[in-house]
Amino acid sequence: MVPVTLTPADLEFLRRPLYGFFTVATGAHPPQPRPVWFETTDHGTIELFTLADAAKVRRLRTDPRASLVVAAPVGERERWVSVAGATTLESQGAQQLATRLANRYWDLTDEGRAAELQQMLGADLLRLVIHPDTVTRYTP
């Protein structure tokens, strides 16, 4: 099987501060996408963080398949990238990832946002890593 990779254009798009919609395989239940912050890595994976006791973590422990869809915002030409694959749950690095993403998505000079970040960092977090086996995209 040929490894699936994100193209340079995909990476440029995914490195913007856009929301992704994360969905886990749920068996008999309909999918429940959630908007998330995310980061692409130099290894071609997608990372996000979550509370260790979140429902998505319980589902991923049963079935590690997940997907992330990212779309261009309103006002831009239609464009999207979808990544799907097995997801690993990592106990290390979640707080560092949360800090990087908060810097990317929020203005941390705002005292309220900085306080929210500190509250997040005090929680029991996991880092979720999607290892793509399918990448689809639309770019006109």
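Residues numbered from 1 in each chain as written. Predicted model: local features only at pLDDT ≥ 70, side-chain atom pairs only at ≥ 80, totals over all residues. Heavy atoms only, no water.

Where an unreviewed UniProt entry is consulted, the chain appears under the name Pyridoxamine 5'-phosphate oxidase family protein, with the organism given as Mycolicibacterium frederiksbergense.

**A look at the sheet that holds strand β3 (residues 39–40)**
Spatially, β2-β1-β5-β6-β7-β4-β3 is the arrangement adopted by the seven strands of the open sheet, whose pairing is antiparallel. If you trace the sheet from one side to the other, it starts and ends with β2 (34–36) and β3, each paired once. With two bridges joining them, β3 and strand β4 (residues 46–51) adopt antiparallel strand pairing. Bridge pairing in β4 links T40 to I46. Across the sheet, helix α2 (residues 55–62) is in contact with β1 (20–24), β4, β5 (65–71), β6 (80–90) and β7 (125–138); its angle to β1 comes to roughly 50°. (Pairing = 2+ DSSP bridges. Helix = DSSP H or I, 4+ residues; strand = E, 2+ residues; numbered from the N terminus. Contact = heavy atoms within 4.5 Å. Axes fitted to C-alpha atoms, helices over the stretch in contact; angles between N-to-C directions.)

**Points about the packing of aromatic side chains**
Considering all chains together, one arrives at four aromatic pairs under this definition. The interplanar angle of 5° and the centroid separation of 5.1 Å between the aromatic rings of W37 and Y105 together place this pair among those described as stacked. Of this pair, W37 sits in the loop between β2 and β3 while Y105 sits in helix α3 (residues 94–105), and the two are 68 residues apart along the sequence. By relative accessible area, which is 12% here, W37 ends up buried. Judged by centre distance (4.9 Å) and plane angle (85°), the ring pair of W37 and W106 falls under edge-to-face. In this pair, W37 is assigned in the loop between β2 and β3 and W106 in the loop between α3 and α4 (111–121), connecting sequence segments 69 residues apart. Since its relative accessible area comes to 14%, W106 is described here as buried. Ring pairing ties together the aromatic residues Y19, W37, F49, Y105 and W106, which thus form one cluster. In this structure, R104 is placed above the aromatic ring of F38, and the distance from its NZ or CZ to the ring centre is 5.3 Å. (Phe/Tyr/Trp six-rings, centres within 6.5 Å; stacked < 30°, edge-to-face > 60°. Buried < 20%, exposed > 50% of the residue type's maximum accessible area, 1.4 Å probe, protein only. Lys NZ or Arg CZ within 6 Å of the ring centre and 35° of its normal.)

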